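Here is what each chain is made of, one letter per residue.
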Amino acid sequence: MAAGCVSEKHVEDFLEPVGTAYPEPCVLESATRKFWYREDLDRVMNLGVDAVPRLGEKFRAKMAEKTAAQNAPHGAGVRRP
């Protein structure tokens, strides 16, 4: 599955550069069962893991906006002639 995350068609093509172009696995269950964190693979592919806000972050930001709007004094920021 890790090979597919970095668009390699064959597992062997993925495993060959592990440790140089691709990170080492984060979990080794056995010689054949290895696991990588998706964030590590995305970082290698320059997918901007840190730059892309996650759904939870977007939700918290939107809720903070709504709370701030509800707590603002009525008429604040409204200009009348």
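Our subject is the structure that appears above.
Because the structure is predicted, anything quoted here is derived from the model rather than measured. (Residues numbered from 1 in each chain as written. Predicted model: local features only at pLDDT ≥ 70, side-chain atom pairs only at ≥ 80, totals over all residues. Heavy atoms only, no water.)

Chemist: I'd like a rundown of the environment of Met45, residues and numbers included.
Modeler: Relative to the helices and strands, Met45 is located in the loop between α3 (38-44) and α4 (55-71). Remark: the alpha-carbon pair of Met45 and Tyr22, spanning 23 residues in sequence, is separated by 9.1 Å. (Helix = DSSP H or I, 4+ residues; strand = E, 2+ residues; numbered from the N terminus.)

Chemist: Break down the packing of aromatic side chains for me, with residues and values.
Modeler: Enumeration over the complete set of coordinates arrives at 2 aromatic pairs. Judged by centre distance (4.9 Å) and plane angle (75°), the rings of Phe14 and Trp36 are edge-to-face. Of this pair, Phe14 sits in helix α2 (residues 11-15) while Trp36 sits in the loop between β2 (34-35) and α3, placing them 22 residues apart in sequence. Residue Phe14 is classed as buried on the basis of its relative accessible area, which comes to 2%. Given the relative accessible area of 16%, Trp36 is considered buried. Three or more aromatic residues joined by ring pairs form one cluster here, namely Phe14, Tyr22 and Trp36. (Phe/Tyr/Trp six-rings, centres within 6.5 Å; stacked < 30°, edge-to-face > 60°. Buried < 20%, exposed > 50% of the residue type's maximum accessible area, 1.4 Å probe, protein only.)

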